Amino acid sequence: MPEDSSQQAFHAERQACDSSLGNWTWSTGGVVTFANDHTMLYNGQPSGQWEGTAEEQGAATVRWAAGFVDRIRVSGDQISGVSQQNVRFSANRR
């Protein structure tokens, strides 16, 4: 039986969540950690929350404690992203 759109959205969000987990060297030089509980650390300090998005495979939204919001896309061991100021950035899995 084919999946309906809500099931497809769930699986896409789950894949984004799973692929984001772990430690990433951010383009600023710091280390960002995406945890299973959807919290983030920057250089070991609490820094915000993240969530997988269903709109695009491997996509996630990053909400920094300072109020900034980034959109990222995970592809293998690399992240490409864009900030709410439309600045592009990248990260590599550690």
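For the structure, check the block above.
Undergrad: For this particular structure, what's the right way to read the sheet that holds strand 5 (residues 59-64)?
TA: Through backbone hydrogen bonds, the strands of a sheet pair up, either in parallel or in antiparallel fashion. Strands sit in the order 1-2-3-4-5-6-7-8 around a closed barrel of eight strands; the barrel is antiparallel. The average undirected angle you get between the axes of adjacent strands in this sheet is 30°. Relative to strand 8 (residues 88-93), strand 1 (residues 22-26) is paired through three bridges, and the arrangement is antiparallel. Pairing of Thr25 across the sheet is with Asn92, part of strand 8.

Undergrad: Is there a simple way to think about the packing of aromatic side chains in this case?
TA: What characterises a pair of aromatic rings is the spacing of the ring centres plus the angle enclosed by the ring planes. For the coordinates displayed, the defined rule picks out five aromatic pairs. Between Trp26 and Phe89, the aromatic rings sit 5.4 Å apart at their centres with planes inclined by 35°, giving tilted as the arrangement. With Trp26 in strand 1 and Phe89 in strand 8, the pair connects residues that are 63 residues apart, well separated along the chain. Residue classification places Trp26 among the buried positions, given a relative accessible area of 6%. Overall, the relative accessible area of 13% leaves Phe89 in the buried class. Ring geometry for Phe34 versus Trp50: centroids 5.5 Å apart, planes at 75°, classification edge-to-face. With a gap of 16 residues between them, Phe34 in strand 2 (residues 31-34) and Trp50 in strand 4 (residues 45-52) connect regions that are remote in the sequence. The pair Phe34 / Trp50 is uniform in exposure class, with both members buried. Ring pairs connect the aromatic residues Trp26, Phe34, Tyr42, Trp50, Trp64 and Phe89, which therefore count as one cluster.

How each quantity is defined
- Residues numbered from 1 in each chain as written.
- Predicted model: local features only at pLDDT ≥ 70, side-chain atom pairs only at ≥ 80, totals over all residues.
- Heavy atoms only, no water.
- Pairing = 2+ DSSP bridges.
- Helix = DSSP H or I, 4+ residues; strand = E, 2+ residues; numbered from the N terminus.
- Axes fitted to C-alpha atoms, helices over the stretch in contact; angles between N-to-C directions.
- Phe/Tyr/Trp six-rings, centres within 6.5 Å; stacked < 30°, edge-to-face > 60°.
- Buried < 20%, exposed > 50% of the residue type's maximum accessible area, 1.4 Å probe, protein only.

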